[in-house]
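So the chains spell out like this:
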Amino acid sequence: MAADPGEFNRVTLLECLKQRPIITDVHYYEEVDSTNTMACRLALGGAREGEVVVADAQIKGRGRLNRAWQSPHGMNLYTSTILRPKIEPAVAPQMTLMAGLAVADLFSLFCPGSVSIKWPNDVLLKGRKACGILTEMKSAAGSLEFVILGIGLNINMNREDFDPSLRETATSLKMETGKAWNRLDVISKQFDLLEKWYKIFLKEGFSGLRKDWMRYADILGKRIRVAYKDEFQTGIVTGIDEDGTILMQDESGASHRVIAGDVHLLGR
Ligand code: BT5
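Residues numbered from 1 in each chain as written. Predicted model: local features only at pLDDT ≥ 70, side-chain atom pairs only at ≥ 80, totals over all residues. Heavy atoms only, no water.

Considering the overall build of the chain
Stated formally: Only DSSP runs of H or I reaching four residues or more are called helices, and only runs of E reaching two or more are called strands; each is numbered from the N terminus. For the radius of gyration, the atoms used are the C-alpha atoms, and the globule rule reads 2.2 Å times the number of residues raised to 0.38. Under the scheme applied here, a residue whose accessible area is under 20% of the maximum for its type counts as buried, over 50% as exposed, and between as partly exposed, the area being computed with a 1.4 Å probe on protein chains only. Residue contacts are counted whenever heavy atoms from the two residues lie within 4.5 Å of one another. Surface exposure here means Shrake-Rupley accessible area, sampled with a 1.4 Å probe, where a residue is shielded only by the protein chains that are shown. Two residue types count as positive, namely Lys and Arg, and two as negative, namely Asp and Glu; His and chain ends fall outside the count. For the purpose of locating charges, the reference atoms are NZ of Lys, CZ of Arg, CG of Asp and CD of Glu.
The number of helices and strands found in the chain is six helices and 12 strands. Relative to the 2.2 N^0.38 estimate, which gives 18 Å for 268 residues, the radius of gyration of the chain is 18 Å and therefore close to what a compact globule would have. On the principal axes, the C-alpha backbone points of the chain span a range of 60 × 45 × 30 Å. Counting over 268 residues, the chain shows a buried share of 50%. Counting only contacts in the chain whose residues sit at least 6 apart along the sequence, the fraction spanning at least 24 positions is 64%. On the chain, roughly 12300 Å² of surface is accessible, and the fraction owed to carbon and sulfur atoms is 52%. Distance between charge centres in the chain, computed from 34 positive and 34 negative side chains, equals 2 Å.

Rendered as structure tokens:
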């Protein structure tokens, strides 16, 4: 693959993404507040399943709980896909796990053996974060209207491009492989894999991906600490349920289901 030649625009993106059935239109911005925010606006205005927002930079890239996602110009991929699956709203968060598996497979094409998933929404290269996923949804009267699947991939960032506070925990494809990658090549493979796993998810739910997802998420039997807002829980992971929930046993032997939060590995 060639290094990123910088011809990243709507024309080149349409050219490389148009053959993918999952994509029905591409909205490209050189700079946007957040691709998720923009996709949400479009979806509220009636955008169809498969319309994708792609930006070269985000000024207010967002993580969960309104945390910031560092989104500089000219080096990464920031995409938000509008999806309108016929599923229950309660099932939509599992799409984060589906997207994580697609990204883990994507990164494995470049860095085989170095990829892991940190439940629920991080994909790591050699233990450092190179991807974050933000799934947002709108439902009304108990039915799901749309899901915005936001994916941030660090492709060609160098260590010094990261905010100093992230330099020990974040990485990029370039940092792990020693070379720059063409973002058009990466994004076309990203959507090949997203399409593959989305189709399986629609047919079988998370249980259809669980085995493959588990290959990347080495947390069974591990001691973890889960932080959710101001609450913490510690325990041993006893399983991942058919719906993607972490099953955990605390020191008193009580079982817990973890449906949201930040997970920190504490070792066995
Ligand atoms: C996430 O949140 O990891 C979800 C990030 C989703 C970003 C995509 S980009 C396209 C779409 N449009 C958006 O506005 N968002 C989505 P969370 O698990 O809360 O992690 C956020 C934390 O990751 C921050 O508090 C930092 O510690 C760290 N972080 C920020 N920017 C990073 C980067 N570029 N690479 C690695 N880590 C980063």
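Brief notes about the domain arrangement of the chain
Put simply, the rule is: Where each domain starts and ends comes from a domain assignment, either automatic or drawn from a database. A 1.4 Å probe defines the accessible area here, and the buried area is the portion of it lost by two parts on being joined, summed over both. We define a salt bridge as a contact between a side-chain nitrogen of Lys or Arg and a carboxyl oxygen of Asp or Glu at a distance within 4 Å. Here a polar contact is recorded for every N or O atom pair within 3.5 Å, except that within protein the pair must consist of a potential hydrogen donor and a potential acceptor, and residues adjacent in sequence are included only if both atoms are side-chain atoms. For this scheme, ten residues count as nonpolar: Ala, Val, Leu, Ile, Met, Phe, Trp, Tyr, Cys and Pro. Four count as charged, namely Asp, Glu, Lys and Arg, and the remainder, Gly too, count as polar.
Its domain assignment divides the chain into domain 1 (10–214) and domain 2 (223–265). On a C-alpha basis, the centroid separation for the pair domain 1 and domain 2 is 25 Å. Carbon and sulfur atoms supply 53% of the area that domain 1 and domain 2 bury against each other, a total of about 1100 Å² over both sides. There are three salt bridges connecting domain 1 and domain 2. Here R64 makes a salt bridge to D262, at a shortest N to O gap of 2.4 Å. Taken together, the links from domain 1 to domain 2 amount to eight residue pairs in polar contact (both at pLDDT 80 or more). Going through the elements one at a time, α3 (94–110) and α6 (210–216) are the ones with two or more residues in the side of domain 1 that touches domain 2. Per-element accounting of the side of domain 1 that touches domain 2 gives the leading share, three residues, to α6. Across the side of domain 1 that touches domain 2, the residue classes break down as seven nonpolar, two polar and four charged.

Let's talk about the pattern of salt bridges
The tally for this structure, following the rule as stated, stands at 22 salt bridges. A salt bridge links R159 to E168, with the shortest nitrogen-to-oxygen separation between them at 2.5 Å. Shared partners join several salt bridges into a network, and the residues in it are R64, R67 and D262.

Quick look at the side chain of H27
Tracing the chain through its elements places H27 in strand β1 (residues 25–29). When its relative accessible area of 16% is taken as the criterion, H27 is described as buried. In this structure H27 touches L42, E51, V52, V53 and V54, once residues within four positions along its chain are discounted.

Considerations on the packing of aromatic side chains
The test is simple: Pairs were defined over the aromatic rings of Phe, Tyr and Trp, the Trp ring being its six-membered one, requiring ring centres within 6.5 Å. Orientation was assigned from the angle between planes: stacked under 30 degrees, edge-to-face over 60, tilted for the rest. Put simply, a charge is over a ring when the Lys NZ or the Arg CZ is close to the ring centre, within 6 Å, and near the line of the ring normal, within 35 degrees.
All chains considered together, the criterion is met by three aromatic pairs. Each ring, one from F110 and one from W181, has its centre 4.9 Å from the other, and the planes form 75°; the classification is edge-to-face. Placement of the pair is F110 in helix α3 and W181 in the loop between α4 (173–177) and α5 (183–204), with a sequence separation of 71 residues. Side by side, F110 and W181 carry an identical accessibility label, which is buried. Across from the ring centre of F8, 4.0 Å away, lies the NZ or CZ of R183, which sits over that ring.

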